[in-house]
Amino acid sequence: MMPTAKVDVNQQTAADMKAARSRTSISVQNVRNYLYGGQKVWDLRERLERILVQEPLFDKQHRDFLGRTDQYIRAAAIINRLDELRRMHSWSQAEYSTASSLLSEVMSITLHDAAFQPVFLGQGSPALMDNYWDLVYEKGIQGCYLQTELGHGTNVARLETTSTYIPETQEFEINSPSLTSTKWWIGALGKSATHGAVQAKLILPDGKDMGPHLFFVQLRSLEDHKPLQGITVGDIGPKASGGMAAQDQGFARFDHVRIPRTNMFSKFAEVTAEGSYIQPPHAKLSYGGVIFFNLTDHINSSMIPTAGWTIAKAATVAIRYTTVRRQGEPNAEGLERQVLTYPSTYYRLLPILSRAFVFVELGRYTVKALNEMQQRLANRDTSLLPEMHALLCGLKVFVTTHGIIDIETARRSMGGHGYSAFAGLGRLYMEYLPSATFEGDNFVLDGQVVRAATKSCKAVLSSTLAVAKLPLPSAYLRLLSTTSEAPPQVTASTWQDVRSVVLLLEWRAALMVKNFTQTPASADVDASINQRLAKAVTEAFVAAQVGEMINNLAVLPSEDAKVVGYLYRLYLLTSAESALVDLLSIGLIRHTGAGDPTQDLRLAIKALCIEVLPNVIGLTDAFGFSDWSLDSALGVFDGRVYEDEVTPAYVPYIRPMLQRGQAAAQQKTKLKSRL
């Protein structure tokens, strides 16, 4: 057994981090600008962070010691100070949004910015905008989005809250007719919001139910913040494991509350003074569908880059820590092995790093695509709506599922220390965990992806002309055409060819959707069919996008492009690995009886991981997280994760007690020696 060298552990961890950083062959600045979309975007972020770190209120070191009430009060103070800084520095909306994201705090104002304000922009009539937009934009009122009820969430069509039009007074009457119609889980409603966008069934004077529509409702007085007459509001209490403690999710009940007719969000459809309903532009979609899809898709599109940056934080902390953490038998120098160099560690962490890169880049596509759809909606063109909605549903499920798993995998890779609040990933996990449920439960959204896929598949199977009209998210269905190329024959070389891997994942989706589409309605199907199909369809789209990302890497210098390309290829191969059950079951990979047909894929993944390892610290540095923004004792930039810190209580309190005890014990010892 090798003798263990006596080393200063803090010097060693710093030396290990320095050595790892010195092995980086990429330009961190080039890759960072690639991730952020240019030097100007990075400069903006850096300038704003310099302002934020100077604010004592934004200090994070005591956050984990606060109770729920104190966390809410702290968050309210942060919101107020952030608004003061916005006005002081004349920040644009983009600057304010960047500053808010840099804080990485759970805040009630997030619901105003992400849900309430977009409703006004996307659905507000000119009259409503004239009356209230300045207040909304300047945060003279604080809004929330009241959709979910105690009895229904994702199933918007079954919401029970009603809004009945009364032509005699030209008012709507908002009412909660049952216990289960109570609005529930509404962010910022518990204590903060003054107004809300309320989802309610529109009831015309003749009693006809027109389905869910949105209405602008004042909830609390602007004088003393008390609930208005007929409105009961409150906080729903602590969430699981203390997560999102600073956020005041609340409930509301309405007792025949009257609002003006003009308070209906009526950009797409409206009720006339006499009580007639003016139809929405798209005959196949209700007004409620348009408004729900538009808002949900707006939020879901932002969830994709958010997932990327959240996973990036988890990957950065875990990779930095496992770089300086040493465990195992000592080597010739007496040093134990760095944890990251164990295959069981890098096999877990490097695919997480690859997904962070992919999701950040993918987010730019989805935000751009959604902006195009919103421009068309403004001109009453809804042609992109169904396909875009299905795509964003699939991507929301895909990135949040990976995000939740990846954060927890990163935390566990750090061993026992990963469970400490100071590691930062426990809090990150609990705050990200609800993303699987809000804006549509993931298992429910899978069904919407499958319905859209089968509809497109039927069109392709019934007409060759439909192939030419396939939108980008359904491009994989082109393979069902009689003129398409055959599936690739899988060999060891397949895993070295990007196009072959992309094509394999597209064929998987096409054949699975075709088989399901042609299954008789009377036939039995497995219980997980929606989840498997939605995953295959979404992975086919993402794989094709990653293929394009690789083709577009020429914007980077050759070495940077090569290393980022390794990450993108690693993403594709690990996607194929997770799809092996499907690939084998539908015959795209065949067992010939001559060994394991999946071994070449797994060896190719290992080889790519080894290629990435020398640059892993440089790649995480490219995310640009400062120690302040990362907020992790184990993910510090310089690698000094074990530095001693003497508590401020030592000198005034602990040391005097110890000294008194030592003196008393010494006195007793002297007395005993005299006996």
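Residues numbered from 1 in each chain as written. Predicted model: local features only at pLDDT ≥ 70, side-chain atom pairs only at ≥ 80, totals over all residues. Heavy atoms only, no water.

Caption draft 1: Summary view of helix α4 (residues 68–88). Helix length check: α4, at 21 residues, gives a terminal C-alpha distance of 30 Å against a target of 30 Å (1.5 Å per residue), a fit within 8%. Listed in full, the buried residues belonging to α4 are Gln71, Tyr72, Arg74, Ala75, Ile78, Ile79, Arg81, Leu82, Asp83, Leu85 and Arg86. After α4 finishes, the residue Ser90 shows a positive phi value of roughly 55°. (Helix = DSSP H or I, 4+ residues; strand = E, 2+ residues; numbered from the N terminus. Expected span 1.5 Å × (residues − 1). Buried < 20%, exposed > 50% of the residue type's maximum accessible area, 1.4 Å probe, protein only.)

Caption draft 2: Molecular detail of empty space enclosed by the protein. As enumerated under the stated definition, the model contains 2 cavities of 30 Å³ or more in all. When its volume is computed, the largest cavity comes out at roughly 140 Å³. As for the largest cavity, its lining consists of 15 residues, of which Glu387, Leu391, Val449, Pro473 and Val537 are closest to the centre. Contributions of two or more residues to the lining of the largest cavity are made by α10 (385–413), α12 (442–462) and α15 (529–551). Counting residues per element, the lining of the largest cavity draws most heavily on α10, at 5 residues. Of the volumes computed, that of the second largest cavity is approximately 40 Å³. Trp495, Gln496, Asp497, Val498, Val501, Arg569, Leu572 and Leu573 are the residues that line the second largest cavity. Elements that contribute at least two residues to the lining of the second largest cavity include exactly α14 (498–517) and α16 (558–578). Residue contributions to the lining of the second largest cavity peak at 3 residues, all from α16. Across the lining of the second largest cavity, the residue classes tally to 5 nonpolar, 1 polar and 2 charged. (1 Å grid on protein atoms, 1.4 Å probe; cavity = no way out; pocket = protein on both sides within 12 Å on 5 of 7 lines; lining within 4 Å. Points joined across faces, edges and corners; volume = space filled by probe spheres on them. Nonpolar A, V, L, I, M, F, W, Y, C, P; charged D, E, K, R; others polar.)

Caption draft 3: Broad picture of the sheet that holds strand β7 (residues 231–235). If you trace the 3 strands from one edge of the open sheet to the other, you get β4-β8-β7, paired in antiparallel fashion. Unpaired on one side and paired on the other, β4 (183–186) and β7 mark the two borders of the sheet. When strand polarity is set aside, the average angle formed by the axes of neighbouring strands in this sheet is 20°. Alignment of β7 against strand β8 (residues 250–254), held across 5 bridges, turns out to be antiparallel. Bridging from a neighbouring strand, Gly234 pairs with Phe251 of β8. (Pairing = 2+ DSSP bridges. Axes fitted to C-alpha atoms, helices over the stretch in contact; angles between N-to-C directions.)

Caption draft 4: Spatial organisation of the pairing of strand β3 (residues 171–175). Of all 5 residues in β3, 4 are buried; the element is thus mostly enclosed. As defined by bridge partners, strand β2 (residues 162–166) adjoins β3 across 5 bridges and the pair is classed as antiparallel. Pairing of Ile166 across the sheet is with Glu171, part of β3. The antiparallel hairpin formed by β2 and β3 contains 4 residues in its connecting segment, where Gln170 sits at a positive phi of about 50°. Pairing analysis gives 4 bridges linking β3 to strand β9 (residues 257–260), with the strands arranged antiparallel. Bridged to Glu173 within β9 is Arg258.

Caption draft 5: The side chain of Ser500, seen in detail. Its place among the elements puts Ser500 in helix α14. Exposure remark for Ser500: the relative accessible area of 18% places this residue in the buried category. Setting aside chain neighbours within four positions, we find Ser500 in contact with Pro488 and Thr494. (Contact = heavy atoms within 4.5 Å.)

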